[in-house]
Amino acid sequence: MGWLKTHAEAIGAAGAIVMALTAVAAAILVPMQIAANDRTSREQAAREIYREFLNITIQRPDLADPTACTPADPARARAYEAYVDYLLYTAEQVLDLSQEEWEETIAARLAPHRPYLCRFDADDLATMTAPVAALVRSVATGCEGAPPPCR
């Protein structure tokens, strides 16, 4: 017991140092863990959104048809526009995570809809994230003048 009384001040100081180091470590590691959890959550959500897009494509292959453009039937036209809008939303979600990983896949999904995308103007592109707007511009290159007619 005498030893503890003799060294109580040093033990208290050592305890304070350990507590301070623990607090600093927590201040550094907790935000890193939160960021990692957020990234994992966003990745999972983006994959789910892409899976849902693929499910829609399977259920409605007529909307993914490379010869599609805005159909004359109003109900089908709204369905087609919603399909392309969901594709663009999907693009925003996945390109936000990894542009390099997803850009080729999304460009391939957008390419069949080039005639429709050629109708987009600067106002339409302004509503998109920069990576998606750039991708739409690249897919819709050479659209000067009237959009190509439907096949």
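Worth saying up front: this structure is predicted, and the values here are computed from it rather than measured.

Rules and cut-offs
- Residues numbered from 1 in each chain as written.
- Predicted model: local features only at pLDDT ≥ 70, side-chain atom pairs only at ≥ 80, totals over all residues.
- Heavy atoms only, no water.
- Buried < 20%, exposed > 50% of the residue type's maximum accessible area, 1.4 Å probe, protein only.
- Helix = DSSP H or I, 4+ residues; strand = E, 2+ residues; numbered from the N terminus.
- Arc of directions from axis to C-beta.
- Contact = heavy atoms within 4.5 Å.
- Expected span 1.5 Å × (residues − 1).
- Bend = angle between axes of the 7 residues up to and from the residue.
- Salt bridge = Lys/Arg side-chain N within 4 Å of Asp/Glu carboxyl O.

**Q** Can you walk me through helix α7 (residues 130–139) in this structure?
**A** Spacing of three or four residues puts side chains on the same side of an α-helix, whose turn is 3.6 residues. The set of residues buried in α7 consists of Val-132, Ala-133, Leu-135, Val-136 and Val-139. Each buried residue of α7 sits inside an arc of 160° when the element is viewed along its axis, so together they form one side. Next to the buried residues of α7 lie α3 (74–97), α4 (99–110), α5 (114–117) and α6 (122–126).

**Q** Explain helix α1 (residues 2–59) here, please?
**A** Taking 1.5 Å per residue, 58 residues should reach 86 Å; α1 reaches 81 Å between its end C-alpha atoms and fits that length. If you look at α1, its biggest bend is around 60°, right at Ala-8. Tucked inside the fold, the buried residues of α1 contact α2 (61–64), α3 and α4.

**Q** How should the pattern of salt bridges be read in this particular structure?
**A** A side chain with one charge may pair with a side chain of the opposite charge, provided their charged atoms come close. One pass over the full model with this rule turns up six salt bridges. Residues Glu-48 and Arg-51 are paired through a salt bridge, measuring 2.3 Å at the closest nitrogen-oxygen approach. Placement of the pair is Glu-48 and Arg-51 together in helix α1, with a separation of three residues, close to one helical turn. Taking the shortest distance from any N to any O, the salt bridge between Asp-62 and Arg-60 comes out at 3.0 Å. Connected through shared salt-bridge partners, Asp-38, Arg-42 and Asp-96 make up one network.

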